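Chain by chain, the residues:
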Amino acid sequence: LLLNYTITPDLSLCKAKDVELAPSWILQSGTIYEGPQARCEDLAFAGKESSLQEREMLENDERDDSACSLTENDAFLVTLVATVVFASLMLTLLYCHGCSRLYLSVVRQAASIEVPKPGKETVEKSPAAEATEAEEPSTTGRHVLFASIEHCIPQRNVNAFTGDTGTFLQDFIKEHPSGMLSLVHPMLGIDYGHLDLYSELTIVVDGKIQVVEVLMMEDARPGLDIRWYFLRHELFSDRTQESLFPQPMSRIRSLRFYSLWNQALAMLLDGLKPEIYHCLDCHQALAPLYTESTIPLVLLL
């Protein structure tokens, strides 16, 4: 019907186009067309109805606009309240942590570094190490202290590392030059097998006294004496192989962990007196700032 009829602009007449006259056409709107000069019976009613519909649409649009404006106002209020709450929380955290006496390091003055000469033994030998040296010629290499949170001990089935660090640690020990190699690691809450008690370290962290046990294990290969020193403390043993590093870094407990770890390392550096401090990553790089003497540092990131 729409293809065969042409509707005039005033919508009052409907003319047939290239078709035979039909007696009548009944549309869904109820309009009846009779013959070529048809009249639209409900034209006026349709006009009134369309006007009412247009008025209702305008009113609905106005209501929609007001609803949108209310929604924008609500979003602004929610954002404002969230910002105030977040700022208050940050200020509260700063206030609560303001009374903490936790310092990672205190630098009093600059110091020059003097590299010791190789071949000077400064660590007291255990009976097992003395027996090993009696069977083999004494080494003249340097004494290197290596420290890292990640560690790998295949003979004890301990794999506390992420990524390919385990392969690096094994190759590091395998390819290390002759001398003495001391490896220091914080212990996880897992079984390390039998370890000998080496010493106990008394350290002050955040105004409280902490006691760290140092356990030792010895090993050797031709030309290289190897000693593992494992530090045992509650802050260290709370970790697992899946979560080696305390998270998040901004927590007071995490800061206590790193303060205790670096101070314990510093006490071992002063006690063992190695010639070189080999530091894997930045987690133990502050230890030399706690030492009483200076020491050459090799930092591997």
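Scroll up to find the structure this text is about.
Residues numbered from 1 in each chain as written. Predicted model: local features only at pLDDT ≥ 70, side-chain atom pairs only at ≥ 80, totals over all residues. Heavy atoms only, no water.

Peer 1: Break down the pattern of salt bridges for me, citing the residues and quoting the values.
Peer 2: Summed over the entire model, instances satisfying the criterion amount to five salt bridges. With a shortest N-O distance of 4.0 Å, Arg142 and Glu275 are connected by a salt bridge. In this pair, Arg142 is assigned in the loop between helix H2 (127–135) and strand E5 (143–147) and Glu275 in the loop between helix H5 (252–272) and strand E12 (276–280), connecting sequence segments 133 residues apart. A salt bridge links Arg227 to Glu218; the shortest N-O distance between them is 3.9 Å. (Salt bridge = Lys/Arg side-chain N within 4 Å of Asp/Glu carboxyl O. Helix = DSSP H or I, 4+ residues; strand = E, 2+ residues; numbered from the N terminus.)

Peer 1: Explain H5 to me, and be specific about the residues and the numbers.
Peer 2: The terminal C-alpha atoms of H5, which comprises 21 residues, lie 30 Å apart, in line with the 30 Å expected from a rise of 1.5 Å per residue. Counting buried positions along H5 yields 16 of 21 residues, so the element is predominantly enclosed. (Expected span 1.5 Å × (residues − 1). Buried < 20%, exposed > 50% of the residue type's maximum accessible area, 1.4 Å probe, protein only.)

Peer 1: Can you tell me about the sheet that holds strand E8 (residues 179–186), naming the residues and giving the values?
Peer 2: If you trace the seven strands from one edge of the open sheet to the other, you get E9-E10-E11-E8-E5-E12-E13, paired in mixed fashion. If you trace the sheet from one side to the other, it starts and ends with strand E9 (196–205) and strand E13 (297–300), each paired once. Taking each pair of neighbouring strands and ignoring which way they run, the sheet shows an average axis angle of 20°. Bridging between E8 and strand E11 (residues 224–232) involves eight bridges; their strand directions are parallel. Paired with Pro186 across the two strands is Leu231, which belongs to E11. (Pairing = 2+ DSSP bridges. Axes fitted to C-alpha atoms, helices over the stretch in contact; angles between N-to-C directions.)

Peer 1: If you had to explain the nonpolar core to someone new, which residues and values would you point to?
Peer 2: Judged by nonpolar contacts, the single largest core of 27 residues is most densely connected at Leu145, Val184, Leu231, Phe236, Trp261, Leu265 and Tyr277. Of all elements in the fold, only E5, E9, strand E10 (208–221), E11, helix H4 (234–237), H5 and E12 reach the threshold of two or more residues within this core. Among the elements that make up this core, the one with the highest residue count is H5 (nine residues). Once residues within four sequence positions are removed from consideration, Trp261 is found in contact with Ala147, Ser148, Ile149, Val184, His185, Pro186, Leu231, Phe236, His283 and Gln284. Counting residues in hydrophobic clusters, the runner-up holds 24 residues, among them Cys152, Leu169, Leu215 and Leu224. (Core = buried A, V, L, I, M, F, W, Y, C linked by side-chain atoms within 4.5 Å. Contact = heavy atoms within 4.5 Å.)

Peer 1: Which residues make up the pairing of E5, and what are the values?
Peer 2: Of all five residues in E5, five are buried, a share of seventy percent or more. Every second residue of E5 is oriented toward a common face, with His143, Leu145 and Ala147 on one face and Val144 and Phe146 on the other, all of them buried. Judged from the five bridges that link them, E5 and E8 form a sheet pairing that is parallel. Within the sheet, the bridge partner assigned to Phe146 lies in E8 and is Leu183. In this structure, E5 lies alongside E12, joined through four bridges in parallel fashion. Of the residues in E12, the one forming a bridge with Val144 is Ile276.

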